[in-house]
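Structural characterization, general
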Amino acid sequence: MTPSLYPAAREAYAAAGSDAEAALATLAVTPISIQCWQGDDVGGFERPGATLEGGGIQVTGSYPGKARTIGELRSDLDFAFGLIPGRQRVNLHAIYGDFGGRTIERNAIGPEHFSSWIEWAKSRRVALDFNPTFFSHPLAADGFTLSHRDPSVRKFWIEHAIACRHIGAAMGRAIGKPAVTNLWIPDGLKDLPADRKAPRERLMEALDTVFKEPIDPLLQLDAIESKLFGIGSESYVVGSHEFYLGYAVSRQKMICLDMGHFHPSESVADKISSVLQFVPGLLLHLSRGVRWDSDHVVLFDDPTRAIFEEVVRGGFLPRTHIGLDYFDGSINRVASWVIGARNALKCLLAALLEPSARLRQSEDSGDYTARLAQIEENKTLPFGAVWDEHCRRQNAPADRAWISEVQIHERDVLSSRR
Ligand code: RNT
Ligand code: ZN
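Fair warning: this is a prediction, and the values are worked out from it, not measured in the lab.

**Focus on the site of ligand 1**
- Taken together, the residues surrounding ligand 1 are Trp37, Ile57, His93, Trp184, Glu225, Lys227, Asp258, His261, His285, Asp293, Asp325 and Phe327.
- Take Lys227: an N or O atom from its side chain is 2.7 Å from an oxygen atom of ligand 1.
- Notes on ligand 1: free accessible area 310 Å², of which the protein chains cover 99%.
- In this structure, ligand 1 is accommodated by the largest cavity.
- In terms of residue class, the shell around ligand 1 is built from 4 nonpolar, 3 polar and 5 charged.

This is the structure in structure tokens:
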């Protein structure tokens, strides 16, 4: 066994002005919500063999081994959890219910369809989050749901969203930690609208009906997610950032910022200290857009690090819920959970290790030269040794030690799924 480099790393961080033990303690109690939909390319279990349809999002790739049943999805999640340090959460979509082979309309789903998930989550001691599903459905096929011009279609989706809030609350009650129920709709138009106003008026009204019933925040928390454009909604998205920010501020809902849902040159990190002046909480959808909202696996990269720097510097961690949101069918799907979750945790750890008091001192004294030098030199502190220590304490494999386990799992388990 190679000797631990951690004691020396801890000293190096202390000399730079940060407390590695405190960083590890916070990291250990901060969960990442793992998106179930990466395990099966957003198919779900409504109908056997269902695939993602419409909704302006797209999974590409046909890597073998995607989960075909609830049992396979759960065992893949279990396997991934063994390779991710710390205790995480699981993020479910409405189409992932345990419907027992029956067709249950989306406006008729209830906590009973998620009781086996709740039992599973309890036995793993992981908390759950939830999402209504406004895509892959005939009543979403024309690209409109909650803002549809037909009141009966709107009503159907309003009932679905209300049902989902109740499911979220049931999860929160059973598990003892509130479920975040995040609402994202695909509504929008491919080409130039003649009327941008009416769908937004209808969406506002629909949301007010969805959220009419107050739900105890100890059980369930509502979040709303905006988007700039989608496939087939390039010219107009009803639920734009301005729309939902206004809605969230006026109704005190949490806002969800998805890293793929803004113009590529916009900084999502910069939005955090603005929106949290006005909304009660933040949901992060960590993702990576490559040229568009392509939902690539999360990296240990500058945009994601900047997001966590802002969360940590602002003291916003208690009001921030962290979720992964990407779907890549071109690589081993279990590995993609592991890579993305480990990278999210690394970005958080790097932010927690930042000697932020010193940076602020330089800034406050007007010494921007020293600030820039410090920012750059922090990058070469021995981060990897602290990360390895985290993996060791959480009984998870270190970097370079888990990929062979994934390869064995692929050979012995995934490859038999045809
Ligand atoms: C779509 C949104 C949304 C979905 C998931 C599956 O652009 O990002 O969060 O990815 O609900
Ligand atoms: Zn998202």
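Having seen the structure, we can now continue with the description.
**As for the pattern of salt bridges**
- In this structure the tally under the stated criterion is 27 salt bridges.
- In this structure, the salt-bridge partner of Glu53 is Arg47, at a minimum N-O distance of 3.8 Å.
- Glu53 gets classed as partly exposed once you look at its relative accessible area, which sits at 42%.
- With a relative accessible area of 40%, Arg47 lands in the partly exposed category.
- By sharing partners, the salt bridges in this structure join Glu21, Glu389, Arg392 and Arg393 into a single network.

**Examining empty space enclosed by the protein**
- Per the stated rule, a full pass over the model turns up 4 cavities of 30 Å³ or more.
- What lines the largest cavity is a set of 18 residues, among which Ile57, His93, Trp184, Glu225 and Asp325 lie closest to the centre.
- Approximately 50 Å³ is the volume found for the second largest cavity.
- Counting residues per element, the ones that place at least two in the lining of the second largest cavity are strand E3 (128-131), strand E4 (179-183) and strand E12 (320-324).
- Broken down by class, the residue content of the lining of the second largest cavity amounts to 3 nonpolar, 5 polar and 1 charged.

**Quick word on the coordination of the zinc ion (ligand 2)**
- Of the protein atoms, only Glu225 (OE), Asp258 (OD), His285 (ND1) and Asp325 (OD) coordinate the zinc ion (ligand 2), at distances of 2.1 Å.
- Taken together, the 6 donor atoms coordinating the zinc ion (ligand 2) and their angles of 71 to 168° define a geometry best described as octahedral.
- Sequence spacing of the donors to the zinc ion (ligand 2): E-x32-D-x26-H-x39-D. Of this pair, Asp258 sits in strand E8 (residues 254-258) while His285 sits in strand E9 (residues 282-286); the two residues are 27 residues apart in sequence, bridging distant segments of the chain. The two residues Asp258 and His285 agree in class, both being buried.

Procedures and definitions
Counting from 1, residues in each chain are numbered in the order their sequence is written. Think of it this way: whatever chain is written first is A, whatever ligand is written first is 1, and the rest follow in order. Residues qualify for local features only when their pLDDT is at least 70, as the model is predicted, and side-chain atom pairs are given and counted only at 80 or more; totals for whole chains, interfaces and linings, by contrast, use all residues. By convention in this description, side-chain values take in all heavy atoms of the structure and omit both hydrogens and water. Definition of nearness: a residue and a molecule or strand are near each other if at least one heavy atom of the residue lies within 4 Å of the molecule or strand. Any N or O atom pair separated by 3.5 Å or less is treated as a polar contact, with the protein-specific requirement of one donor-capable and one acceptor-capable atom, and with residues adjacent in sequence counted only for side-chain atom pairs. In these tables, accessible area is a Shrake-Rupley quantity obtained with a 1.4 Å probe, and a residue counts as shielded only by the protein chains included in the view. The definitions used throughout rest on a 1 Å grid laid over the protein atoms alone, on which a cavity is an enclosed set of points accommodating a 1.4 Å probe that cannot get out and a pocket is an open set flanked by protein within 12 Å on both sides along at least five of seven lines; lining residues are those having an atom within 4 Å of a point. Throughout, a molecule is located in a cavity or pocket provided that more than half of its atoms lie within 2 Å of its grid points. Three categories are distinguished: nonpolar for Ala, Val, Leu, Ile, Met, Phe, Trp, Tyr, Cys and Pro, charged for Asp, Glu, Lys and Arg, and polar for the others, with Gly belonging to the last. Salt bridges are counted wherever a side-chain nitrogen of Lys or Arg sits within 4 Å of a carboxyl oxygen of Asp or Glu. A 1.4 Å probe rolled over the protein chains alone gives each residue an accessible area, and that area as a share of the maximum for its type sets the label: buried under 20%, exposed over 50%, partly exposed in between. Grid points are joined across faces, edges and corners, and a volume is the space filled by probe spheres set on the points. What counts as a helix is a DSSP run of H or I of at least four residues, what counts as a strand is a run of E of at least two, and both are numbered from the N terminus. Coordinating N, O and S atoms are those within 2.8 Å of the metal (3.2 Å for Na, K and Ca), and as water is not part of the atoms, a site may appear to have fewer donors than expected. Any site counts as irregular unless it has four donors with all angles between 85 and 135 degrees, making it tetrahedral, or four or six donors with opposite ones more than 155 degrees apart and the rest between 65 and 115, making it square planar or octahedral.

What is shown is where atoms sit, not what they do.
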